[in-house]
Amino acid sequence: MSKKEIPVYLFTGFLDAGKTTFIQETLEDPGFNDGQKTLLIVTEEGEVEYQPIKFASSNVKIMTLEDEEELTESWMTNAAALCNAEKVVIEYNGMWVLDQLYNNLPENWTVYQEMTFADARNFVSYNDNMRQLVYDKVKSTESIVFKHMSRDMDQMPLHKIVRQANRRCDIIYEYGPNEIELDNIEDPLPFDMNAKIIEIQDQDYAMWYADMNDNEANYYGKTVCFKGRTLLGGGLKPDEFVIGRHIMTCCVQDIQFGGLVAKYPKSRELEHGGWVVMTAEIVREYNDMYEAIGPVFHVKEVVKCDPPEEEVATFY
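Only a predicted model underlies this, so the values are computations on that prediction, with no experimental measurement involved.

S.K.: Teacher, can you tell me more about the side chain of T141 here?
M.R.: Within the secondary structure, T141 sits in the loop between α5 (131-138) and β6 (143-147). Residue T141 is classed as buried on the basis of its relative accessible area of 3%. A polar side-chain atom of T141 sits 3.1 Å from the main-chain carbonyl oxygen of E114. A polar side-chain atom of T141 sits 2.9 Å from the main-chain carbonyl oxygen of S143. Once residues within four sequence positions are removed from consideration, T141 is found in contact with E114, M115, T116, N166 and C169.

S.K.: Even after reading the chapter, I still don't get the nonpolar core, so can you show me in this structure?
M.R.: Across soluble globular proteins, nonpolar side chains show a tendency to be buried alongside one another. Ranked by internal contacts, the top residues of the largest apolar core, which has 29 residues, are W208, F226, F241, M278 and F297. For this core, the elements supplying multiple residues, two or more each, are α7 (205-214), β10 (223-231), β11 (240-248), β12 (256-263), β13 (275-287) and β14 (292-304). A per-element tally of this core places α7 first, with six residues. The residues touching M278, leaving out its near neighbours within four places in the chain, are V224, C225, F226, F241, I243, A262, F297, V299, E301 and V302. In this structure, I41, A79, L98 and W109 belong to the second largest nonpolar core, which totals 21 residues.

S.K.: Would you explain the packing of aromatic side chains in this entry?
M.R.: Two aromatic rings are characterised by how far apart their centres lie and by the angle between their planes. Tallied over the full model, the rule gives 18 aromatic pairs. Both rings, one in Y9 and one in Y112, keep their centres 6.1 Å apart while their planes meet at 65°; by these two values the pair is edge-to-face. Of the two residues, Y9 sits in strand β1 (residues 6-13) while Y112 sits in strand β5 (residues 109-119), which places them 103 residues apart along the sequence. When the ring of Y205 is compared with that of F226, the centres are 5.5 Å apart and the planes differ by 55°; the resulting orientation is tilted. With Y205 in helix α7 and F226 in strand β10, this residue pair connects regions lying 21 residues apart in the sequence. The burial state of Y205 is the same as that of F226; both residues are buried. Put simply, the rings of Y205, W208, Y209, Y219, F226 and F297 touch in pairs and so form one group of aromatic residues.

S.K.: Hey, could you run me through the pattern of salt bridges in this one?
M.R.: Close approach of charged atoms allows side chains of opposite charge to pair. Per the stated rule, a full pass over the model turns up 16 salt bridges. One salt bridge connects R167 with D214, and the closest N-O pair in it is separated by 4.0 Å. Here the residue R167 occupies a position in the loop between α6 (155-165) and β7 (170-176), and D214 occupies one in helix α7, the gap between them amounting to 47 residues. The closest approach of N and O atoms between K263 and D239, which form a salt bridge, is 3.5 Å. Of this pair, K263 sits in strand β12 while D239 is found in the loop between β10 and β11, placing the two residues 24 residues apart along the sequence. You can call D239 partly exposed: its relative accessible area is 29%. Within this structure, D99, D136, K137 and K139 form a network of salt bridges that share partners.

S.K.: Explanation requested: the environment of E269 in the structure shown.
M.R.: Along the chain, the position of E269 falls in the loop between β12 and β13. For E269, a relative accessible area of 59% gives the class exposed. Taking the C-alpha atoms as reference points, E269 and Y112, 157 residues apart in sequence, are found 48 Å from one another.

S.K.: Any chance you could explain the sheet that holds β5 here in plain terms?
M.R.: Backbone hydrogen bonds hold the strands of a sheet together, and the pairing may be parallel or antiparallel. With mixed pairing, the eight strands of this open sheet are ordered in space as β3-β2-β4-β1-β5-β6-β7-β8. The sheet terminates laterally at β3 (60-64) and β8 (179-182), the two strands that pair on one side only. Direction aside, neighbouring strands of the sheet carry axes that sit 20° apart on average. Each of β1, β2 (38-42), β3, β4 (87-91) and β5 is contacted by helix α1 (residues 19-28), which is oriented at about 150° to β1, the strand it contacts most.

S.K.: I tried to follow α1 on my own but got confused; where do I start?
M.R.: The α-helix advances 3.6 residues per turn, and as a result positions three or four apart in sequence lie on the same side. When we look at burial in α1, the residues that qualify are K19, T20, I23, Q24, T26 and L27. Take α1 and look down its axis: the buried residues cluster within an arc of 165°, on one side only. Check the buried side of α1 and you find it contacts β1, β2, β3, β4 and β5.

S.K.: I tried to follow the environment of S57 on my own but got confused; where do I start?
M.R.: If you trace the backbone, S57 turns up in the loop between β2 and β3. The class for S57 is buried, based on a relative accessible area of 10%. Separated by 27 residues in sequence, S57 and P30 have C-alpha atoms that sit 7.3 Å apart. Once residues within four sequence positions are removed from consideration, S57 is found in contact with N33 and G35. Polar contacts involving the side chain of S57 include one to the main-chain amide nitrogen of N59, which spans 3.1 Å.

Parameters and conventions
- Residues numbered from 1 in each chain as written.
- Predicted model: local features only at pLDDT ≥ 70, side-chain atom pairs only at ≥ 80, totals over all residues.
- Heavy atoms only, no water.
- Helix = DSSP H or I, 4+ residues; strand = E, 2+ residues; numbered from the N terminus.
- Buried < 20%, exposed > 50% of the residue type's maximum accessible area, 1.4 Å probe, protein only.
- Polar contact = N/O pair within 3.5 Å; in protein donor to acceptor, adjacent residues only side chain to side chain.
- Contact = heavy atoms within 4.5 Å.
- Core = buried A, V, L, I, M, F, W, Y, C linked by side-chain atoms within 4.5 Å.
- Phe/Tyr/Trp six-rings, centres within 6.5 Å; stacked < 30°, edge-to-face > 60°.
- Salt bridge = Lys/Arg side-chain N within 4 Å of Asp/Glu carboxyl O.
- Pairing = 2+ DSSP bridges.
- Axes fitted to C-alpha atoms, helices over the stretch in contact; angles between N-to-C directions.
- Arc of directions from axis to C-beta.

Written out as structure tokens, the structure is:
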């Protein structure tokens, strides 16, 4: 018999970014804290302390952790069992990597909401010095709130850092109590989606690949042209190859190959790992490599070429 699903509300961000205050206010709201037995996991201590006496319900059990390695599946399962938790709220340490949490979540725990808080005054500096940790906190969040904004601050540097990691989340600027502003900066794509052939420049591959994944349907039936590496074998059919580029999202450790399957009768004439300029139509169809329906390139032309000046694509 399967265990009952437990919803998880995850709040991330760096020290003094406002997580504790927001969670305190959330647990004071009877609309959220409606009497369900709630486990509050706290993984760092800031200047602000929780005041359980103000919670809308007393059915909240606070448990703290100081060591990232202690955040195991068994610890979380036992913690929930101790209070018969029906809901979990997590204040996550900004210096801990989120994969540690996601990889160890009990099977019946489901993250319903992930929200990030940041201090606008030092966010750019944090990104300059701890880019991997900043990316880690932004990549999967549903919304990010920039606290301590002032009207003389430029939103664009904050916007760019977030959008390089996450193109879908809401960005909220907070200028004071009950004074917030939603980000409305448009990100024009650096290529013409209405062109007969969409030309993807070398420096724009990472952004194109991210947009392709986020807005797949926009590309079906379109013809694109870009430079990439060809990969052969690995279960591909004789008339197939994979084409793409390595992409660095935030740091060297984060480099991954981003590519898609291409259909081409002369695939076996291509060099494994070689560089080509490919022109192809993007078609939505089933492919064995995906084991699902997805975008497949139907090649119109492939021409061997020299590697780009920067072989690893970036968002910068």
